[in-house]
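Below, each chain spelled out in residue letters.
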Amino acid sequence: MPGQRVLNIDLFVNGLIMGSFYALMAIGLTLIFGLLRIVNFAHGEFYMIGAYAYTLAALKLGLSVWLGLPVAFAVGGIVGWLTERTLMRPLYAGYASWGLMKDEYAVVVTFALSLLLINLVDKVIGPYAVRGPGLVDIPRIALGPVMLTGHKLIATIVAFAMIIATALFIRYSLWGRQIRAVAQNRLGASLAGIDATKTSSIIFTLSGALAALSGALLAPIINTTPDVGSFPAIKSYVIVVLGGMGSIPGSIVASLLLGVLESFGAVYISYDYRDAFGLAILILVLLLRPQGLFGEKGREV
Amino acid sequence: MGTTAKSRILVACGAALAMSAVFAAEPIKIGISITQSPPGSVVQGTQVKDGVEIVKDMVNKAGGVLGRPIELVYEDDQGIPEKGRAAAEKLITRDKVVAITGGHQSSVCLAAIEVAARYNTPYVNTNCWADAVRAKGYANVFSAPIYSSRVAESVAETLGKLGAKRIVAFAENTDYGIGQAKAIGEALKKMPGVTYRYETLDRAGKDFTPAILPLRADPPDAVLMVMLPPPAYTVMNQLYEQGVAPSAKTWLYDTSGVADYPDFWQNVKEAAVDMLNFALYHPGMKQPPLASEVAQAYKQRTKNEPNRLIFQAADSLLFIVDAIKQAKSTDPAAMVKAMESMKFTGTRGTFTISSKPGNTFHQMMDVPTVTYQITAVGQPIGQTTLIEGPGVPLDVKQLKKPAK
């Protein structure tokens, strides 16, 4: 049936588009959660800050939307860097005498940061939803059977470009190699002369910047409110575990897979269970392949 | 100094003394349970707060009630039922309020009235549309806003006049959304040849395209929106993006009154043009003089145009104040008795209180409604095409559809 084929193409493309935005969020979380093993409950708020930074830069400061993207990226990076410097460093900078377990400290402190940022934005900027201006002012275009806004098309291209750039950065740049070394063995990397503390700082900065960029790209689509980050943050955790803890290619594939699965599942199974598909797949993968899709089995001594 | 000047000074001193006597008296505390922080609708909470603050100032300026000023005690329910229950408990037991109002989300109202019923504290529902709030039949619970089955009847009547036969609703996954979607389904059952289904959408969702895409291949006659902002805005934008509605084939019909939210036009542009709206306020509708006073105060306070929530909040508090006046007491039983028998005049008109069990129990009857169509981007409500309202019979001939 031609109608059915068109619907399937639509669902597939829409799934890939959403998957690309998930990926930008999830890569940042992969770096923090997958590599540093730190649970960052405020990751969704980095995304929210990006959406507001882009929108306010364009609407209140009158900047070009194309400048709004790097502004959001930079603001997210700064927030990520500040988070690491002020809140995360006690985790690995000799504060053992505090008597707090590392994981518990991270959970408590990032949860508090999340609430603080949501309420701060609510009080300072206001509770009203704001929609960012699109990167191009084309409300509706048809690409063959697929209909979308001009902004969505451009934002998807930017998202894929950023995903590739980040993957190349992690793989080939000096900082990227340092990040991978610290992820493999923090002590070993330090013994080899790598400044592990500085590397953690880079990871948080990059993570914040990528989440904020994702928020900025979605700002003209999602009608931003202070609590907008909670939903994508949950998806990102699913993606990180699904893709394999610490695997950037894994998180990219898992993001796209989740986007497409949600898209098809919503139509062919039930829209009501759309958000459960990711969790169902996650349980299945953990049962059959506990290390995730791209994770590697390892042993520690 | 002339006699006139002396008498003016004496009158002023007398008034000042009277006022100081009022404000020396112990205030009457009234509890306001609203959403002041996420995840609930802080936008609605802010508007309810504005509405009750305006009335509080008006009442206190006029000398208070029974010679005592009123004091509003706020609790933040965050739009979460458990928090709503806790808020009611705190207001009654810790703050000793004489009545509670402000509730603006059905799931929160449903939780809070359980507590209010346990303490027999008068509870005036400000904006909870769910029939279930009335159907519980609690003697101390009264409702100022419209109710779901009444909205459903009005929407069904309009759809009937439009000749819509295949109707799809997008409803948010809340007590309000699901209850309203079901009520519309019930009302449409009376219309022969009509097929109706509703899809529940998560309020936290950001991409509703998979729910919309199947409609592109098989467009219905009307898409009903049973959602509140901000997800309502996202759905509207995505319906427009996919070319589903409004279109030459399909009406887009909002049944939740989203067009008068202050952030509406910031979030929805082309997607709202040609949309039909069920609403409870239109600047063109006839209102009592008190409404102009409240509207003026609201404009001064916020620089925004008033909407139904301001008037509903104002009426909720005025209703409590009138009940205290009529009962000449803040005793809960006396207030409830007064509320049941009152003919109440507020900002939206004069209402009697129904005592019929079911969906209208303790409901302010005949809440005025309007239906209008938006015809341009950024259009103020006052300039939309009013097709039905108080004294204006439904006329769908004025409606227009997009060319494609």
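Being a predicted model, the structure only gives us computed values, none of them experimental. (Residues numbered from 1 in each chain as written. Chains lettered and ligands numbered in written order. Predicted model: local features only at pLDDT ≥ 70, side-chain atom pairs only at ≥ 80, totals over all residues. Heavy atoms only, no water.)

A. Layout of the overall build of chain B. Within chain B, the regular secondary structure consists of 13 helices and 14 strands. Taking 404 residues into account, the globule formula puts the C-alpha radius of gyration at 22 Å, and chain B, at 22 Å, falls close to it. When its C-alpha atoms are laid out on the principal axes, chain B stretches across 80 × 55 × 35 Å. Among the 404 residues that make up chain B, the fraction classed as buried is 60%. (Helix = DSSP H or I, 4+ residues; strand = E, 2+ residues; numbered from the N terminus. Rg over C-alpha atoms; globule rule 2.2 N^0.38 Å. Buried < 20%, exposed > 50% of the residue type's maximum accessible area, 1.4 Å probe, protein only.)

B. Quick peek at the overall build of chain A. Check the secondary structure of chain A and you find 11 helices and 2 strands. Along chain A, helices (α) and strands (β) appear in the sequence α-α-α-α-β-β-α-α-α-α-α-α-α when read from the amino end. Taken over C-alpha atoms, the radius of gyration comes to 19 Å for chain A, in line with the 19 Å a tight globule of 301 residues would show. A principal-axis box enclosing the C-alpha atoms of chain A has dimensions of 65 × 50 × 35 Å. The 301 residues of chain A split such that 55% are buried. Counting every atom, chain A has about 13400 Å² of accessible surface; 69% of that belongs to carbon and sulfur. The distance from the centre of the 20 positive side-chain charges to the centre of the 14 negative ones in chain A is 8 Å. (Areas by Shrake-Rupley, 256 points an atom, 1.4 Å probe, with all protein chains shown as cover. Lys, Arg positive; Asp, Glu negative; His and termini not counted. Charge placed at Lys NZ, Arg CZ, Asp CG, Glu CD.)

C. Representation of the sheet that holds strand β4 (residues 123–125) of chain B in the model. Residues and elements named next belong to chain B. Strands sit in the order β2-β1-β3-β4-β5 across an open sheet of 5 strands; the sheet is parallel. Across the chains shown, the open sheet's two edge strands, defined by having one partner strand only, are β2 (70–76) and β5 (141–143). Looking at each pair of strands side by side, their axes are set apart by 25 degrees on average, direction ignored. One ladder, built from 7 bridges, connects strand β1 (residues 28–34) with β2; its direction is parallel. Residue isoleucine 34 lies in a different strand from β2, and its bridge partner there is aspartate 76. Running over the sheet, helix α4 (residues 106–119) touches β4 and β5 and is turned about 165 degrees from β4. (Pairing = 2+ DSSP bridges. Axes fitted to C-alpha atoms, helices over the stretch in contact; angles between N-to-C directions. Contact = heavy atoms within 4.5 Å.)

D. Seen up close, a nonpolar patch on the surface. All names here are of chain A. Together, Phe41, Val107, Val108, Phe111 and Leu115 make up a nonpolar patch on the protein surface, roughly 440 Å² of accessible area in all. Following the sequence through the fold, valine 107 ends up in helix α4 (residues 102–124). For valine 107, a relative accessible area of 31% corresponds to the partly exposed category. (Patch = residues over 30% accessible without salt bridge, like charges linked within 9 Å, V, L, I, M, F, W, Y side chains within 5 Å. Salt bridge = Lys/Arg side-chain N within 4 Å of Asp/Glu carboxyl O.)

E. Quick look at the domain arrangement of chain B. All names here are of chain B. What the domain assignment lists for chain B is domain 1 (3–146 + 287–352) and domain 2 (149–279 + 374–398). Using only C-alpha atoms to locate each centre, domain 1 and domain 2 end up separated by 31 Å. On the side of domain 2, 15 residues touch domain 1, which itself brings 12 residues to the contact. Summing both sides of the interface, domain 1 and domain 2 together bury roughly 1200 Å²; the carbon and sulfur share of this comes to 58%. Looking at the side of domain 1 facing domain 2, the largest losses of area belong to Trp129, Ile146 and Arg308, adding up to 38% of the total buried there. If you look at where domain 1 meets domain 2, you find 0 salt bridges. Put simply, domain 1 and domain 2 have 4 residue pairs in polar contact (both at pLDDT 80 or more) between them. Elements that contribute at least two residues to the side of domain 1 that touches domain 2 include exactly α2 (42–61) and α4. Its residues assigned to classes, the side of domain 1 that touches domain 2 comprises 4 nonpolar, 6 polar and 2 charged. (Domains from an automatic or database assignment. Buried area = accessible area lost by both parts, 1.4 Å probe. Polar contact = N/O pair within 3.5 Å; in protein donor to acceptor, adjacent residues only side chain to side chain. Nonpolar A, V, L, I, M, F, W, Y, C, P; charged D, E, K, R; others polar.)

F. Highlighting the interface of chain A and chain B. The partner chain B presents 38 residues to the 39 residues of chain A that form the contact. Of the roughly 3200 Å² buried at the junction of chain A and chain B (both faces included), carbon and sulfur atoms supply 54%. Counting every contact that joins chain A to chain B gives 3 salt bridges. Glu241(B) is the partner of Lys152(A) in a salt bridge, and the nearest nitrogen-oxygen pair spans 3.1 Å. Where chain A touches chain B, the interface holds 15 residue pairs in polar contact (both at pLDDT 80 or more). Those elements that place two or more of their residues in the side of chain A that touches chain B are α1 (2–35), α4, β2 (146–148), α8 (196–222), α10 (248–268) and α11 (274–288) of chain A. At 6 residues, the largest contribution of residues to the side of chain A that touches chain B is made by α1(A).

G. Inspection of the pattern of salt bridges at higher detail. The final tally for this structure, using the stated rule, is 23 salt bridges over all chains. Salt-bridge contacts for Lys56(B) lead to Asp57(B); the nearest nitrogen and oxygen are separated by 3.9 Å. The class for Asp57(B) is partly exposed, based on a relative accessible area of 36%. Residues participating in the shared-partner salt-bridge network are Lys235(A), Glu262(A), Arg274(A) and Asp207(B).

H. Representation of the state of the cysteines within the structure. Residues and elements named next belong to chain B. A complete count under the given rule lists 1 disulfide over all chains for this structure. Between cysteine 109 and cysteine 128 runs a disulfide, and the two sulfur atoms are separated by 2.0 Å. The sign of the S-S torsion, about 65 degrees, decides the handedness of the disulfide formed by cysteine 109 and cysteine 128: right-handed. One end of the pair, cysteine 109, is in helix α4; the other, cysteine 128, is in the loop between β4 and α5 (131–135), and 19 residues separate them in sequence. (Disulfide = S-S within 2.5 Å.)

I. Summary view of the sheet that holds strand β6 (residues 166–172) of chain B. All names here are of chain B. Strand order in the open sheet formed by 7 strands is β7-β6-β8-β9-β10-β13-β14, with mixed pairing between adjacent strands. This sheet does not close on itself; its edge strands, each paired only once, are β7 (195–201) and β14 (385–388). Each neighbouring strand pair of the sheet contributes to a mean axis angle of 25 degrees, computed without reference to strand direction. Inspection of the sheet shows β6 paired to β7 by 7 bridges, in the parallel sense. Within β7, the residue paired with glutamate 172 across the bridge is leucine 201. Taken strand by strand, helix α7 (residues 175–189) contacts β6, β7 and β8 (222–226), and its axis lies near 180 degrees from that of β7. Against the sheet, helix α8 (residues 209–217) makes contact with β6, β7 and β8, and its axis sits at roughly 175 degrees relative to β6, the strand it touches most.

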